[in-house]
Amino acid sequence: GTNPTSGVAHRFEFLSAPNLHWPDTIFSFDHGTGILYTCDAFGLHYCSRELFDTDPGAIAPDFRFYYDCLMGPNARSVLQALKRMDGLPEISTVAVGHGPLLRHHLGLWLDDYRTWSSERSTGENYAAVCYLSQYGFCDRLSQAIARGIGKAGAAVQLVDLRATDAQELSALIGEASAVVVPTWPARPDAELQASIGTLLAALKPKQWVGSYDAFGGDDEPIDAVASQLRSLGQKTAFEPLRVHQVPGGNDYQRCEEAGTDLGQLLTKEKTIAAMKSLDADLDKALGRLSGGLYVVTARQETPEGTRSSAMVASWVSQASFEPPGLTVAVAKDRAIEALLQVDDRFVLNILREDNHQELLRHFLKRFPPGADRFAGVSTLEGAATGGPVLGDALAYLGCRVVQRLEGPDHWIIYAEVEQGNVADTQASTAVHHRKVGNHY
Ligand SMILES: Cc1cc2nc3c(=O)[nH]c(=O)nc-3n(C[C@H](O)[C@H](O)[C@H](O)COP(=O)(O)O)c2cc1C
């Protein structure tokens, strides 16, 4: 409509800009004013009193830092968005969600994003997670898989099979180290049919592949999709993620955990290199740090269903007296990390010196995505809120997450202890002794 005071007619055009920095980010261009609203893209972590980018030198370092934190991991998506912006008439101002409005040096900022993203997107390992926008449950399932991949520190590119042109699609799939594909409609329209053809033709033999049910109601069977993905001898990153009903809490958890398994395949070499890089003396000295042996358990009832998880932990320490609090260091790619957000509750099970091997053996097993980690383990139901108390634990502490401090490879979870009890006041806590500090 026309603004009654300014007389400018506003006409908005929307540009899909996935991953910048949310999977569903959309830019809005006002043809009346030439302003492009970009949400997080081209932003800064802070706003000063300067409304516009009058002094580029003053904000350039922060502009770079912000890019590195939020946009760099999605460099390909940045290039995709810039390409879509090229199709617009002249942009007068980029109006960001936070940070100065970019008007006086717009060319400079756009060039920066273009250069940095081109540098970043050459030769980097990434997983292409395909989805069909607004088809079945693709949007949320693909985002859960992408989140899981990101947890392992691997790069992800979400690819909308409907909105990506053939050339772009072919490049995104062909250059990926891993490709994840949803089931598609058994009777796709001609355009989608062509996209699927492009996708299959772009696959390379050395890629990791995975598939998931879109649960669109009229899908190609997932086994047929999975076998087409492997037709050149590709390796399966995770078993087909079958969804037989409207997805519930555990389905999203399963997708996230499958994504993490895939991400770990892509970052394996980096992880091994990091483990080898510690200095030998320092490494042995660090190994003399010791902790107890614990099992962290969590269970949440969500409107969609029950989600639960567990992990063996030794990086646990009391951290406050009043109120009583403790910290647990949780690796960023741990499955249970998703259940340890601020305000979530969990249980710290303290293991016994004279009886902990069996529990360690059980919880250190490699569980498939979404597996029930408590199957076959004795638990005391209802003893604590937040998670199962293990029948063979020496003591338990019921905790609530208060704060998460981000470290390089672990989250330091600070939690208040709300309840607790001891099963046997005579027994002592199992202690973990290590030789070296580069693993648990
Ligand atoms: C003795 C020991 C202590 C561990 N302590 C921790 C810990 O404090 N924090 C952590 O994130 N992982 C720790 N781990 C690794 C976890 O037990 C983890 O569950 C396991 O590697 C499986 O990963 P997942 O739960 O993501 O599938 C420890 C492992 C062992 C063997």
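First, a word on scope: everything that follows refers to the structure included in this document. Treat the numbers as computed from the prediction; the structure is a model and nothing was measured.

### Quick look at the overall build of the protein
(1) Moving on: For the protein, the helix and strand inventory stands at 10 helices and 20 strands.
(2) Moving on: Relative to the 2.2 N^0.38 estimate, which gives 22 Å for 440 residues, the radius of gyration of the protein is 25 Å and therefore close to what a compact globule would have.
(3) Moving on: Seen along its three principal axes, the alpha-carbon backbone of the protein occupies a region of about 80 × 55 × 50 Å.
(4) Moving on: In the protein, which comprises 440 residues, the proportion classed as buried is 48%.
(5) Moving on: Looking at the protein alone, contacts between residues at least 24 apart form 71% of all its contacts between residues at least 6 apart.
(6) Moving on: Looking at the protein as shown, the accessible area adds up to about 21300 Å², and 54% of this sits on carbon and sulfur atoms.
(7) Moving on: Of the side chains in the protein, 39 bear a positive and 54 a negative charge, and the two mean positions are spaced by 5 Å.

### Observations concerning the packing of aromatic side chains
Given two aromatic rings, one states the distance between the centres and the angle between the planes to describe the pair.
(1) Moving on: Per the counting criterion, the structure on display carries 11 aromatic pairs.
(2) Moving on: Each member of the aromatic cluster is reached from another via a ring pair, and the members are Phe42, Phe63, Tyr67, Trp109, Tyr113 and Trp116.
(3) Moving on: For Arg64, the ring lying beneath its charged end belongs to Trp116, and the centroid distance is 4.6 Å.

### Describing helix H2 (residues 75-86)
(1) Moving on: Compared with an ideal rise of 1.5 Å per residue, which puts 12 residues at 16 Å, H2 spans 17 Å between its outermost C-alpha atoms and is within 8% of the ideal.
(2) Moving on: Those residues of H2 not exposed but buried are Ala75, Arg76, Ser77, Val78, Gln80, Ala81, Leu82 and Met85.

### Re the pattern of salt bridges
(1) Moving on: Inspection of the entire model under this criterion finds 21 salt bridges.
(2) Moving on: For Arg140, the salt bridge identified is with Glu304, shortest N-O distance 2.8 Å. Taken together, the residues Arg140 in helix H4 (residues 138-151) and Glu304 in the loop between strand S11 (294-302) and strand S12 (305-313) connect sequence positions 164 residues apart.
(3) Moving on: For Arg242, the salt bridge identified is with Asp223, shortest N-O distance 2.9 Å. In this pair, Arg242 is assigned in the loop between strand S9 (235-236) and helix H8 (249-276) and Asp223 in helix H7 (residues 222-229), connecting sequence segments 19 residues apart.
(4) Moving on: A relative accessible area of 44% places Asp223 in the partly exposed class.
(5) Moving on: When salt bridges that share partners are traced, they join Arg147, Lys151, Glu256, Glu337 and Arg404 into one network.

### Brief notes about unusual backbone geometry
(1) Moving on: Put simply, Glu322 and Pro323 share a cis peptide bond, and its omega is -5 degrees.
(2) Moving on: With respect to the element layout, Pro323 can be found in the loop between strand S13 (316-320) and strand S14 (325-331).
(3) Moving on: Of note in the backbone geometry, Asp343 takes a positive phi value of approximately 85 degrees without being a glycine.
(4) Moving on: Assignment of secondary structure puts Asp343 in the loop between S14 and strand S15 (345-350).
(5) Moving on: The exposure class assigned to Asp343 is partly exposed, which follows from its relative accessible area of 48%.

### Examining the state of the cysteines
(1) Moving on: Counted by the stated rule, this structure contains zero disulfides.
(2) Moving on: For Cys47, which is in no disulfide, the shortest distance to another cysteine sulfur is to Cys39 and amounts to 14 Å.
(3) Moving on: Residue classification places Cys47 among the exposed residues on the basis of a relative accessible area of 57%.

### Concerning the site of the ligand
(1) Moving on: The local shell around the ligand holds 16 residues, among which Val312, Ala329, Ala331, Ala335 and Arg373 are the closest.
(2) Moving on: For the ligand, a nitrogen atom lies 3.0 Å from a polar atom in the backbone of Ser314.
(3) Moving on: Side-chain polar atom of Tyr440 to a nitrogen atom of the ligand: 3.3 Å apart, as the coordinates give it.
(4) Moving on: Calculation on the ligand without its partners gives an accessible area of 640 Å², and the protein chains cover 82% of this total.

### Some words on the environment of Ala155
(1) Moving on: Tracing the sequence through the fold places Ala155 in strand S6 (residues 155-160).
(2) Moving on: Owing to a relative accessible area of 10%, Ala155 belongs among the buried residues under this scheme.
(3) Moving on: Along the primary structure Ala155 and Arg76 are separated by 79 residues, whereas in three dimensions their C-alpha atoms are 10.0 Å apart.

### Digging into the nonpolar core
(1) Moving on: Grouped together as the largest cluster of nonpolar side chains are 48 residues, with contacts concentrated most on Ile173 and Leu262.
(2) Moving on: For Ile173, the contacting residues outside a window of four places in its chain are Ala128, Cys130, Val179, Leu199, Ala202, Leu203 and Gln207.
(3) Moving on: Grouped together as the second largest cluster of nonpolar side chains are 30 residues, Val78, Met85, Val96 and Trp109 included.

### Considerations on the sheet that holds S6
(1) Moving on: Strand order in the open sheet made by the five strands is S6-S5-S7-S8-S9, with parallel pairing throughout. The open sheet has two edge strands, S6 and S9, and neither has a second partner.
(2) Moving on: With five bridges connecting them, strand S7 (residues 178-182) and strand S8 (residues 208-212) associate as parallel partners. Pairing of Val181 across the sheet is with Ser211, part of S8.
(3) Moving on: Across the face of the sheet, helix H5 (residues 166-174) comes into contact with strand S5 (126-131), S6 and S7 while running at roughly 135 degrees to S5.

### Quick look at the sheet that holds strand S2 (residues 26-30)
(1) Moving on: Taken together, the four strands give an open sheet; going across it, the order is S1-S2-S3-S4, and neighbouring strands pair in mixed fashion. Each of the sheet's edge strands pairs with one partner strand only, and the pair in question is strand S1 (12-16) and strand S4 (93-96). Shown here is a sheet whose adjacent strand axes are inclined to one another by a mean of 25 degrees, direction ignored.
(2) Moving on: As paired elements, S1 and S2 share five bridges and run antiparallel to each other. Each residue of the ladder has a partner; that of Phe12, found in S2, is Asp30.
(3) Moving on: Strands in contact with H2 are S1, S2 and strand S3 (35-39); relative to S1, the strand with the most contacts, it is inclined by about 150 degrees.

Reading guide: rules and limits
Residues numbered from 1 in each chain as written. Predicted model: local features only at pLDDT ≥ 70, side-chain atom pairs only at ≥ 80, totals over all residues. Heavy atoms only, no water. Helix = DSSP H or I, 4+ residues; strand = E, 2+ residues; numbered from the N terminus. Rg over C-alpha atoms; globule rule 2.2 N^0.38 Å. Buried < 20%, exposed > 50% of the residue type's maximum accessible area, 1.4 Å probe, protein only. Contact = heavy atoms within 4.5 Å. Areas by Shrake-Rupley, 256 points an atom, 1.4 Å probe, with all protein chains shown as cover. Lys, Arg positive; Asp, Glu negative; His and termini not counted. Charge placed at Lys NZ, Arg CZ, Asp CG, Glu CD. Phe/Tyr/Trp six-rings, centres within 6.5 Å; stacked < 30°, edge-to-face > 60°. Lys NZ or Arg CZ within 6 Å of the ring centre and 35° of its normal. Expected span 1.5 Å × (residues − 1). Salt bridge = Lys/Arg side-chain N within 4 Å of Asp/Glu carboxyl O. Disulfide = S-S within 2.5 Å. Near = heavy atom within 4 Å. Polar contact = N/O pair within 3.5 Å; in protein donor to acceptor, adjacent residues only side chain to side chain. Core = buried A, V, L, I, M, F, W, Y, C linked by side-chain atoms within 4.5 Å. Pairing = 2+ DSSP bridges. Axes fitted to C-alpha atoms, helices over the stretch in contact; angles between N-to-C directions.

By themselves, these observations are geometric and do not establish any function.
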